[in-house]
Amino acid sequence: MEKARPLWANPLQFVFACISYAVGLGNVWRFPYLCQMYGGGSFLVPYIIMLIVEGMPLLYLELAVGQRMRQGSIGAWRTISPYLGGVGLASMVVSFFLSTYYNIINAWAFWYLFHSFQDPLPWSVCPLNDNHTGYDQECEKASSTQYFWYRKTLNISPSIQDSGRVQWEPALCLILAWLVVYLCILRGTESTGKVVYFTALLPYCVLIIYLVRGLTLHGATNGLAYMFTPKLEQLANPKAWINAATQIFFSLGLGFGSLIAFASYNEPSNNCQKHAIIVSLINSSTSVFASIVTFSIYGFKATFNYESCLNKVILLLTNSFDLEDGFLTASNLEQVKSYLESTFPGKYSEVLPQMKNCSLQSELATAVQGTGLSFIVYTEAIKNMEVSQLWSALYFFMLLMLGIGSMLGNTAAILTPLTDNKVISSHLPKEAISGLVCFVNCVIGLVFTMEAGNYWFDIFNEYAATLSLLLIVLVETIAVCYVYGLRRFESDLKAMTGRALNWYWKAMWAGVSPLLIISLFVFYLSDYILTGTLQYQAWDASQGQLVTKDYPPYALAIIGLLVASSIMCIPLVALGTFIMRCLKRGDTPPVA
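Please read these numbers as outputs of a predicted model, since none were measured by experiment.

Conventions adopted
- Residues numbered from 1 in each chain as written.
- Predicted model: local features only at pLDDT ≥ 70, side-chain atom pairs only at ≥ 80, totals over all residues.
- Heavy atoms only, no water.
- Helix = DSSP H or I, 4+ residues; strand = E, 2+ residues; numbered from the N terminus.
- Rg over C-alpha atoms; globule rule 2.2 N^0.38 Å.
- Buried < 20%, exposed > 50% of the residue type's maximum accessible area, 1.4 Å probe, protein only.
- Contact = heavy atoms within 4.5 Å.
- Areas by Shrake-Rupley, 256 points an atom, 1.4 Å probe, with all protein chains shown as cover.
- Lys, Arg positive; Asp, Glu negative; His and termini not counted.
- Charge placed at Lys NZ, Arg CZ, Asp CG, Glu CD.
- Salt bridge = Lys/Arg side-chain N within 4 Å of Asp/Glu carboxyl O.
- Arc of directions from axis to C-beta.
- UniProt positions renumbered as here; feature names shortened; annotations may be inferred.
- Polar contact = N/O pair within 3.5 Å; in protein donor to acceptor, adjacent residues only side chain to side chain.
- Disulfide = S-S within 2.5 Å.

1. Some remarks on the overall build of the chain
Link 1 in the chain: Assigned secondary structure in the chain consists of 26 helices and 2 strands.
Link 2 in the chain: Scaling as 2.2 N^0.38, a compact globule of 592 residues should have a C-alpha radius of gyration of about 25 Å, and the chain matches this with 27 Å.
Link 3 in the chain: Along the longest, intermediate and shortest principal axes, the C-alpha atoms of the chain span 95 × 50 × 50 Å.
Link 4 in the chain: Each of the 592 residues in the chain was classed as buried or not, and the buried ones make up 56%.
Link 5 in the chain: Here the contacts in the chain between residues at least 6 apart in sequence split such that 82% fall between residues at least 24 apart.
Link 6 in the chain: Counting only carbon and sulfur atoms, one obtains 63% of the accessible surface of the chain, whose full area is about 25500 Å².
Link 7 in the chain: Positive and negative charge centroids in the chain, built from 33 and 35 side chains respectively, lie 15 Å apart.

2. A short note on the pattern of salt bridges
Link 1 in the chain: Enumeration according to the criterion identifies 6 salt bridges in this entry.
Link 2 in the chain: Of the charged contacts in the structure, one is a salt bridge between arginine 151 and glutamate 138, with a shortest N-O distance of 3.0 Å. Placement of the pair is arginine 151 in helix α8 (residues 144-153) and glutamate 138 in helix α7 (residues 137-141), with a sequence separation of 13 residues.
Link 3 in the chain: Lysine 337 is paired through a salt bridge with glutamate 334; the nearest N and O atoms lie 3.6 Å apart. Of this pair, lysine 337 and glutamate 334 both sit in helix α15 (residues 333-343), 3 residues apart, roughly one helical turn.
Link 4 in the chain: A relative accessible area of 53% means that glutamate 334 is categorised as exposed.

3. Let's talk about helix α11 (residues 220-228)
Link 1 in the chain: All of the buried residues along α11 are Ala220, Gly223, Leu224, Tyr226 and Met227. End-on, the buried residues of α11 take up no more than an arc of 160°, which puts them together on one face.
Link 2 in the chain: In this structure, the buried side of α11 is in contact with α3 (31-37), α10 (189-215), α14 (272-320) and α17 (360-364).

4. A few points about the side chain of serine 388
Link 1 in the chain: Topologically, serine 388 is positioned in helix α19 (residues 388-420).
Link 2 in the chain: Setting aside residues up to four positions removed in sequence, serine 388 forms contacts with Leu121, Ile382 and Lys383.

5. Some remarks on the environment of threonine 318
Link 1 in the chain: Looking at where threonine 318 falls in the secondary structure, it is placed in helix α14.
Link 2 in the chain: Judged by relative accessible area, which is 10%, threonine 318 ranks as buried.
Link 3 in the chain: Once the C-alpha coordinates of threonine 318 and glycine 164 are considered, the two residues, 154 residues apart in sequence, prove to be 49 Å apart.
Link 4 in the chain: When near neighbours in sequence (up to four residues on either side) are disregarded, threonine 318 contacts Leu323, Glu324, Asp325 and Leu328.

6. Some thoughts on the UniProt feature "binding site: Na(+)" (unreviewed entry) in the chain
Link 1 in the chain: Sites flagged by UniProt as "binding site: Na(+)" (unreviewed entry) map to Ala22, Val23, Asn27, Ser251, Asn283, Leu402 and Ser406. Spatial clustering of the annotated residues is evident: they stretch over 385 residues in sequence, but the largest pairwise C-alpha distance comes to 12.6 Å.
Link 2 in the chain: Looking at where asparagine 27 falls in the secondary structure, it is placed in helix α2 (residues 25-29).
Link 3 in the chain: When neighbours within four sequence positions are excluded, asparagine 27 is seen to be in contact with Ala22, Pro32, Ser251, Asn283, Thr286, Ser287 and Ala290.
Link 4 in the chain: Of note is the side chain of asparagine 27, whose polar atom sits 2.9 Å from the backbone nitrogen of glycine 24.
Link 5 in the chain: If near-sequence neighbours (up to four positions away) are discounted, asparagine 283 is found in contact with Ala22, Val23, Asn27, Ser251 and Leu252.

7. Notes on unusual backbone geometry
Link 1 in the chain: The linkage connecting aspartate 119 with the following residue, proline 120, adopts the cis geometry, with an omega of 0°.
Link 2 in the chain: The residue proline 120 is located in the loop between α6 (85-115) and α7 in this model.
Link 3 in the chain: At arginine 70, a residue that is not glycine, the phi angle is positive and equals roughly 55°.
Link 4 in the chain: Note that arginine 70 resides in the loop between α4 (44-69) and α5 (73-80).
Link 5 in the chain: In the Ramachandran plot, valine 387 falls in the positive-phi region, its phi being about 50° despite a non-glycine side chain.
Link 6 in the chain: Along the chain, valine 387 falls in the loop between α18 (371-382) and α19.
Link 7 in the chain: Take valine 387: its relative accessible area is 56%, and that puts it in the exposed class.

8. Let's talk about the state of the cysteines
Link 1 in the chain: Scanning the entire structure with this criterion turns up 2 disulfides.
Link 2 in the chain: Each disulfide pairs two cysteine sulfurs, and for cysteine 126 the partner residue is cysteine 139, the sulfurs being separated by 1.9 Å. Judged by the torsion about the S-S bond (-80°), the cysteine 126/cysteine 139 disulfide is left-handed. Linking cysteine 126 in the loop between α6 and α7 with cysteine 139 in helix α7, this pair joins segments that are 13 residues apart in sequence.
Link 3 in the chain: Bridging cysteine 309 to cysteine 358, the disulfide has an S-S length of 2.0 Å. Of note, the bridge from cysteine 309 to cysteine 358 carries an S-S torsion of about -80° and is left-handed in sense. A residue pair is termed long-range when its members are at least 10 positions apart, and cysteine 309 in helix α14 and cysteine 358 in the loop between α16 (345-351) and α17 qualify at 49 residues.
Link 4 in the chain: Overall, cysteine 309 belongs to the buried group, its relative accessible area being 13%.
Link 5 in the chain: Overall, the relative accessible area of 19% leaves cysteine 358 in the buried class.
Link 6 in the chain: Once the bonded cysteines of the chain are numbered in order along the sequence, the disulfide links fall as 1-2, 3-4.
Link 7 in the chain: No disulfide involves cysteine 184; its sulfur sits 9.7 Å from the nearest other cysteine sulfur, which is in cysteine 438.

Listed below in structure tokens is the structure:
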């Protein structure tokens, strides 16, 4: 007798699982960057429009497919059409790639969390050199936070060709991160359903605490004014709209198969339309909320750096021109500089090369995303706060909760199709399948703990999913609307939930969303082609900064394999199914 499919204990568990999966690191470290780059408050206009025409409809589509077919991604799309099993397989491959490299972020968060209990924080000051006669040269040329990230955490090599050895400390943190994930997914929805309450709610508690602290920091208003001041000219910038659409698409986790997997454990009568709207709105609201927190911290950091710069200029001029202490202030600095330049032109020209150009606006305009924001910019701000150990521990604990929550969805996209497979599940218990998936991912993930690991992380982060996911979701919408049939799917939803599908969802699924995905796909494809030789940012220890280098041929080959290995699943499985069907009928495939 076939076992009954496991179910969520209640609809709230499902919603929390979706929120925990969708609300991730991208909300904290990419959305604020996009606001900074594309017009502050005005970026919300394309973002909200893309949420309405792309985010909510596609999220509802995936939840509805999962709930209707009651299977993981492979089984769900094979039920829609035997030729579409490759869509689910492609989703599974992309989720496997994502899980492999995503958990290294949790490993880094563990590493920083463990170091947050030291006084002073280890990234707050540069270490002494070997002779104890001064500070380490690399650290002096960069900064203490950059040095701790690139040298102490990554021990980064000068190029991707210099692979180096596995760093045992990050490797142990990676093993710990995978152990935590394994314990969370051990019993499927039974264990995941309990964990998501924490991974979904705790980040909000930390963000609220950080918001209160951030708003009380000196200079926080400068950051918030920079964020909310709209630059309306950016609305005419096509890249602002493209990045808004991309952010919505990837932030909701579309195409990975995780949402289909989560929805497959719902009761058939569950109101997935309502849940799609709730999850979409909470995800986008969190991005805006996290941006307010981030920009208050940005404002504090920028103001601190700006005032430090002014104080250095004031000290330099006071000492060089024997001015009275306290005479030169930030308010009269420009006036006194003009006077000194006109009165003592020779001496002023000697001092001028040593003077930095202090600008609050340029400090606020320094845009950073990804690991650079979390592990360099945030730590730079945290080290200057009072009780910095507390704020550091809270921040990296929040990153861990966000990261682990997303990993629950990533692993569900891999495990659900495997446990749905009768051959696999009849030979291995659920716990063993989960353990094997975690073990294989962990072993491959050790590549990212090598000295060149961060360069490989960037390759996976940049190329493993972008084009693949766009194509996967495009095929999904076409499959539902034109292969399975929109009217047929509409009647299935009505029979399931008792609610008719309104015109908005049908218009988005059948026309607007697919056209938008095609536009994004064409843009990214042309962007890769026009870029020419692909390049990466390598750390130059002698200069204490990042330099641009070309990828070697073997790295380009791996980038090609990453993209092709998932995309090619769709046509290859369809071709294989066609051949098998022809052979079963005793026919031969027609020759073109």
